[in-house]
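# Coordinates in review
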Amino acid sequence: MSRLRVSSVLCVLAVGAFPVGCGSDDGDGSRTEASSDAAQLAAVKDYLTDHSAQLTQAVGQLQGNANAYYDLAKSVDFDYAKLLKEHCPEVKRQLADAKQAFVTANPNYEEMEGIVAGVPRLSHYDVDIDAGSDASDPESAVSFSLTLDDGTKLKQPGNLFFLTETALWGTNPDLVAKDVEPDVDCDGKVEFGEGLPDAKIFKAATAEFAAQAKSLDEDAQAFEPTPSDALTSIVVMTPTMSEYFGQWKNTAFVAGKGDQKEQSFVATSRLSDIADILEGIAFTYAEVEPLIAAESPQQARQTKRELKRLQAFAADLRDREAAGETFTPKQADQLGSEAQARAEAIAGQVTQSAQQLGIELQES
Amino acid sequence: MSPPLAAAVALVVLAFAAPAVAAPPWQIADTIRADLFDAQTELLLAGPGEQRASDAGALDDAERAVSGAFGRDLARDAPSALGELRASLTAARSSLARGDEVGLAAARGRAIAALRQGAFAVAVKAAGSGHSRAARAWLLVRDFRQSTRFTRPGVDATAALIGMADGDVEPPDAALQVRKDLLDAYQSRLATNLDAAGQAGERGFAPRFAEAAALAAGYWAILEPEYRAQRGTAEATATGRDFAALSRAAVDGDLAAFDAARERVKRDFSGFTAAPFTPDEQARRAGQLTRFLDLIPIEYRDGTEDGRVTIPFELQEAVAFHDGIEQSFADLQSELAEIDPAAVTAVERDLDKLGGYIDDAHERVAIVPEEDVEALHDRISDRLDGLFPDAWKDGGSEVDYDLVAIAVDQLVAAANAGEWDQAEQARLSAYAFFEFGPEPELRAFDPGLVVDVEGLFWYGARDSEGLAALISSRAAPSEVRETTLDLTDALDEARAQTGEGTSATTTIVNAAMIVFREGLEAILIIAAITASMVGARRELRRPIYRGALLALPASVAGYVIAVAILGSLQRYGEKVEAVVGLLAVAVLLLVLNWFFHKVYWTEWIAGHRKRGKELTAGAAAGAAAGTATVAGLYVLGFTSVFREGMETVLFLQALQLASGTAIVVAGVSLGLAGTALVGLATFKLEQKLPYKRMLVVTGVLIAFVLFVMVGNTARSMQGVGWLPVHTLDVDFPLWMGTWLGVYPTVETLGAQVLALMFVVGSYYAAEWYRKNKGRPAAPAAQATKGASSSAIAGDATRSPNGSPGSGRTVAPASEAISDPADQSQALSPRS
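Residues numbered from 1 in each chain as written. Chains lettered and ligands numbered in written order. Predicted model: local features only at pLDDT ≥ 70, side-chain atom pairs only at ≥ 80, totals over all residues.

## Points about the overall build of chain A
Heads up, the rule is: Only DSSP runs of H or I with at least four residues qualify as helices, and only runs of E with at least two residues qualify as strands; both kinds are numbered from the N terminus onward. Three exposure classes are used. Buried residues have 20 or more other C-beta atoms within 10 Å of their own C-beta, exposed residues have 12 or fewer, and partly exposed residues fall in between, all C-beta atoms being placed from the backbone. The contact criterion used here is simple: two residues whose C-beta atoms, placed from the backbone, lie within 7 Å are in contact.
Along chain A, the regular secondary structure elements total 12 helices and 2 strands. Counted from the first residue to the last, chain A has its helices and strands arranged as α-α-α-α-β-β-α-α-α-α-α-α-α-α. Put simply, chain A has 364 residues, and 54% of those count as buried. Relative to all contacts within chain A whose residues are 6 or more apart in sequence, the contacts with residues 24 or more apart total 74%.

As structure tokens, this is what we get:
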């Protein structure tokens, strides 16, 4: 065994035990020139396109249910009391299927949100699909308006997950049938989460959703991620944890059903979204980590470790909640603060890595 | 066992046996932090009296981690931080034992801040000693400024240590950058933790309340030496007491005491900046403040009229600019307070008042007269002018890039909302900020990039549609966004280009190219005009040349005057180019028509009368032309060069600021020499060309100059919103805009067609006049000399003596040019 090989083996063994620097260490003048070809990011693209295709499929299903529901409502001239009276089982089936499609679509999107929202060239989809507000806040409003079949126009009504979720679960009075008890499961009583969507709005919203999902899928197919895209997405998306924890604190999952300030996030806990988003970010980081490690092994290890820790932290909370544990707002606040602090540290570290690699982070 | 294998085994055993020794600082810091959080989480999530499995040994790893090399480094460079770290871990252990959530949270806050403080001291010291590896290792323990969509964590420390490792940065400079970057981050963190503590206190979240307050107090310890240096020991001691009271109040859950301490702390920190800005950063912020402030009365005036809001978007812009003012002012306040604290207080008060005016108008609560806003602006502006050091009075192009970014953001928001008029307004604002800000400098360094940026603002570049075209066609917001991203990229490149220093050689080459390029344009115009002045008319070249030469010093003088009055003209700045362009077109149309109609015709008569007396032809021509003609020729020569001269001086000023006068003068000399050579060659060649061919060349060139000038002027008028933009679905290459003034809009192309129609039409009008007014027809053979003018704008006029009988008519250009007799020989000196 040559001396070189011995030292290599020692190094591998030692790294297995604890993280010491074996290769070029930070600041030793062994920096590499980064280029868009330096990292193989095909896996990021595959991850993205798999999810965008799944989203398109789930939203197509959602649109199909919405159209069927619309046809039912139209058959009774949009008299919703009559609709429930004469077609309750069909309404129940269509809306239950729509909810199921929503629940499928949501993680499909959230898992790729870290990339979509973090890459400036795709991020407008995030505004329209998941993050945009209504016209009352022009700076962050969605880019679309809805035109209903009767010609009514809803100007910049809010993002598509918000519209479909709050209509299906009945938490937004503007999007549901008026003056009717929404006993959509036909059991004689109305419970939290039962919503009878305004069929015209629901149809228009899902049509827009389907169009956006399809367009995102097409753009994802054409997208060739670069290290700059990957690093930018991590820097942009990671520090949004406090916002998500803040939303979680105000959802029915923490605040209690009926006491929630958030109309959204009734179908799926925001914790689940957080864990899904972090999964996408961690996936992306894993693809660029070799590039960072070549330049600064300690920085690469630190970020990897902290990202894993954050991911495990969010997944643990999600699993606890799914197992029936409920969190108080005080706990949510404390946990969210810690998550945010960790996330900001990760974003800061990745920013340093970009600087070390000479990779320009993009303006969002 | 062979020796190498034995060594390997020994090393592996050693590695497993002493992991804490080998672990880098970031990992130890992470272990401490994570252990504390795990303990805290268990306490937080456990029910009352619930048994916690890991209580006993929860913090063992953390306490062990402090020993070893980590602890030794801290003991050497940051003993007080090490002491605080140990004390906080002890406090954490006892709080955990008591089940005291609040005490544990406060201890964790103290421990984390102590880690940052210790790492800060070791990293700065290592950097100052030139130990880049150690500095980088400890820098990883740092915290960062809170990241938002618009602000990124600082990278100056990392960049400086890389530079030091590469030998590009000296250790003292690297240490300064590390210190500055970290102080900035920790002052920011102190502020965010103060806010977080306040919110948690109001909501009754006791552990978070205590932890955030402890972190704020811990970050104060990092800033304290800088504070003491700036404000003195007494104030530093008092502020230290306020922080101690603040963290104690949070642990006690005493919100009132906390609020009181927080108010005191805020007063203590008023105007304090731990990481002093570099002179360049100060100048940039001062520039932002000044530019934003000057824009407010303009936006207010454009957005309101007679006590009502007319254009809400203008007020939105005013609000955005006021936000920018507040940030810039806060950054400079400390420095300014040392100059004149009373003036700073007065400015602060007036800025609040100005913000109130704008907010009230924006929300339609109350709309004060625009004169009030203007008066308030003037007062603030005067005070700032008195306060600002001279070095701050030129903010540089960075400010303009900031303004462009704000306007582009508003463009995207307006396009998303389908508010296309607003989007167009925002586009024009952004373009104006670019064109009247960094463009001249950028054009000096990278004209190709200017073409890209302009293309993205208008009709397309870099395979993207232009914003003007997209807005005009009400394109999908995603398309608008796509182009704005390309534009942002291009502007980033531009910012980097104009922000970088350039070598002397590059500057010399750039200066020479600018002078040569603009010089060629001037030569083209002069050559086009003088081409047909041969024979007896040669004398007429002289006033043109003199006018042209006069334009050179006038360009410099014009620039100086423009700079001197630019302050008062600033609000009209974006319209200046359009006005100048219109004037230039008017001069070209009027002077050329008048010149060719009258001078050529009368000169032809003079030449006709004095045929055979060539020696006196010059005097005769001068007499025929008269004083007015000569003056016209002076004006023509002058304006032709002055336009190019002003442009050149503007570009050169950008280079001069960047590289110094001597280097620019060297480049200018080169450029002038090249221009002179080409000019001589052109005018020599011109003399050798056959006269008949020259007539054609002259006509084409003058028509070309007019065509380009009209196209560019129409584009400028679109730029300031005086002409609408109706794009055509034609894909003209960018060079057609640059060189031919051809842009794919109805307005620009329409104006060019009209200009050509005017020229051609005037010829036909003259023909019609000639035929219908019954002038005696001249024999075709005698009529040729006026053909050059006829080809451009035919006319008929009387001779200077006013005798109808002596007047001659001009043959149609086609007739004259195709005349095989070539009567020009009779007037040409070569005849």
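## Examining the overall build of chain B
Looking only at helices and strands, chain B has 35 helices and 2 strands in total. Residue burial in chain B is summarised as follows: out of 831 residues, 48% are buried. Expressed as a percentage of contacts within chain B between residues at least 6 apart in sequence, the contacts between residues at least 24 apart total 75%.

## Comments concerning helix α17 (residues 370-387) of chain B
Residue and element names in this part refer to chain B. What counts is decided by this rule: One less than the number of residues in a helix, times 1.5 Å, gives the span that helix is expected to have. Here the arc refers to the directions that run from the helix axis out to each C-beta atom.
Compared with an ideal rise of 1.5 Å per residue, which puts 18 residues at 26 Å, α17 spans 26 Å between its outermost C-alpha atoms and is within 8% of the ideal. Here α17 has its buried residues at Glu370, Val373, His377, Ile380 and Leu384. Within α17, the buried residues cover an arc of 95 degrees as seen down the axis, which keeps them to one side. Away from its buried face, by an angle of more than 90 degrees, α17 presents the exposed residues Glu371, Ala375, Asp378, Asp382 and Gly386. Looking at the buried side of α17, the elements it contacts are α14 (279-303), β1 (304-305) and α16 (341-362).

## Concerning the environment of Ser132 of chain B
Secondary-structure assignment places Ser132 of chain B in helix α8 (residues 132-139). Through-space distance from the C-alpha of Ser132 of chain B to that of Ala174 of chain B is 9.2 Å; in sequence the pair is 42 residues apart.

## Some thoughts on the nonpolar core
Our working rule: The term nonpolar core means buried Ala, Val, Leu, Ile, Met, Phe, Trp, Tyr and Cys residues held together as one set by C-beta atoms within 7 Å. The domain limits used here are those given by an automatic or database domain assignment.
Grouped together as the largest cluster of nonpolar side chains are 190 residues, with contacts concentrated most on Ala123, Leu161, Val178, Ala213 and Ala216 of chain B. With 17 residues, the top contributor of residues to this core is helix α7 (residues 101-128) of chain B. Both domain 1 (1-41 + 225-364) and domain 2 (42-223) of chain A contribute no fewer than three residues apiece to this core.

## A closer look at the confidence of the model for chain A
Basically, it comes down to this: Along the chain, pLDDT gives the predictor's confidence residue by residue, from 0 to 100.
Scored by pLDDT, chain A has a mean of 83; 84% of the residues are at 70 or more. Within chain A, helix α1 (residues 3-17) of chain A has the poorest average pLDDT of any element, 33, and helix α6 (residues 199-222) of chain A the best, 96.

## A few points about helix α15 (residues 312-339) of chain B
We count it as follows: Bending is quantified residue by residue as the angle between axes fitted to the seven-residue window ending at that residue and the seven-residue window starting at it.
Here α15 of chain B spans 38 Å end to end across 28 residues, near enough to the 40 Å set by a 1.5 Å rise per residue. Gln333 of chain B marks where α15 of chain B bends most, by close to 55 degrees.

## Considerations on unusual backbone geometry
All names here are of chain A. Within the chain, Asp77 stands out as a residue other than glycine whose phi angle is a positive 55 degrees. On the secondary structure map, Asp77 appears in the loop between α2 (42-75) and α3 (80-116). Residue classification places Asp77 among the exposed residues on the basis of 8 C-beta atoms within 10 Å.

## Let's talk about the environment of Pro171 of chain B
Positionally, Pro171 of chain B belongs in helix α10 (residues 171-203). Setting aside anything within four residues of it in sequence, one finds Pro171 of chain B in contact with Ala127, Gly128, Ser129, Gly130 and Met164 of chain B.

## A look at the packing of α10 of chain B against helix α11 (residues 206-231) of chain B
Residue and element names in this part refer to chain B. Here is the rule: Note on geometry: axes are lines fitted to C-alpha atoms, helical ones only across the stretch in contact, with angles between N-to-C directions running from 0 to 180 degrees. Just so you know how the angles are binned, under 35 degrees is roughly parallel, over 145 roughly antiparallel, 65 to 115 roughly perpendicular, and the rest oblique. Left-handed is the label given to a crossing in which the near helix is rotated counterclockwise from the far helix by less than a right angle, and right-handed is the label when the rotation is clockwise. Asp, Glu, Lys and Arg are counted as charged, while Ala, Val, Leu, Ile, Met, Phe, Trp, Tyr, Cys and Pro are counted as nonpolar; the rest, among them Gly, fall into the polar class.
One can describe the packing of α10 onto α11 by two numbers: an axis separation of 8 Å at closest approach and a directional angle of 155 degrees. Put simply, α10 runs roughly antiparallel to α11. For the element pair α10 and α11, the recorded crossing hand is left-handed. For the pair formed by α10 and α11, the contact residues are Leu183, Tyr186, Gln187, Arg189, Leu190, Asn193, Leu194, Ala196, Ala197, Ala200 and Gly201 on the first element and Arg208, Phe209, Ala212, Ala213, Leu215, Ala216, Tyr219, Trp220, Ile222, Leu223 and Glu226 on the second. In terms of residue class, the contact of α10 with α11 is built from 16 nonpolar, 3 polar and 3 charged.

## Some thoughts on the environment of Gly336 of chain A
Residues and elements named next belong to chain A. Turning to its location among the elements, Gly336 is positioned in helix α12 (residues 329-357). With 23 C-beta atoms counted inside 10 Å, the residue Gly336 sits in the buried group. Gly336 sits 22 residues away from Ala314 along the chain, and the two C-alpha atoms are 9.5 Å apart.

## Considerations on the packing of α16 of chain B against α17 of chain B
All names here are of chain B. Contact geometry of α16 with α17 gives a least axis separation of 10 Å together with a crossing angle of 155 degrees. With respect to α17, the axis of α16 lies roughly antiparallel. In this structure, α16 meets α17 at a crossing whose hand is left-handed. Contact residues: α16 offers Ala343, Ala346, Val347, Asp350, Leu351, Lys353, Leu354 and Tyr357, while α17 offers Asp372, Val373, Leu376, His377, Arg379, Ile380, Arg383, Leu384, Gly386 and Leu387.

## Quick word on the confidence of the model for chain B
Residues and elements named next belong to chain B. Residues with a pLDDT of 70 or more make up 72% of chain B, whose mean pLDDT is 76. Note on residues 1-21: pLDDT is under 50 here. Beyond four places in sequence and across chains, it has 22 contacts. The low-confidence segment residues 566-574, where pLDDT is below 50, has 6 contacts with residues more than four positions distant or belonging to other chains. Overall fold confidence (pTM) sits at 0.61, and the ipTM for the predicted complex is 0.75.

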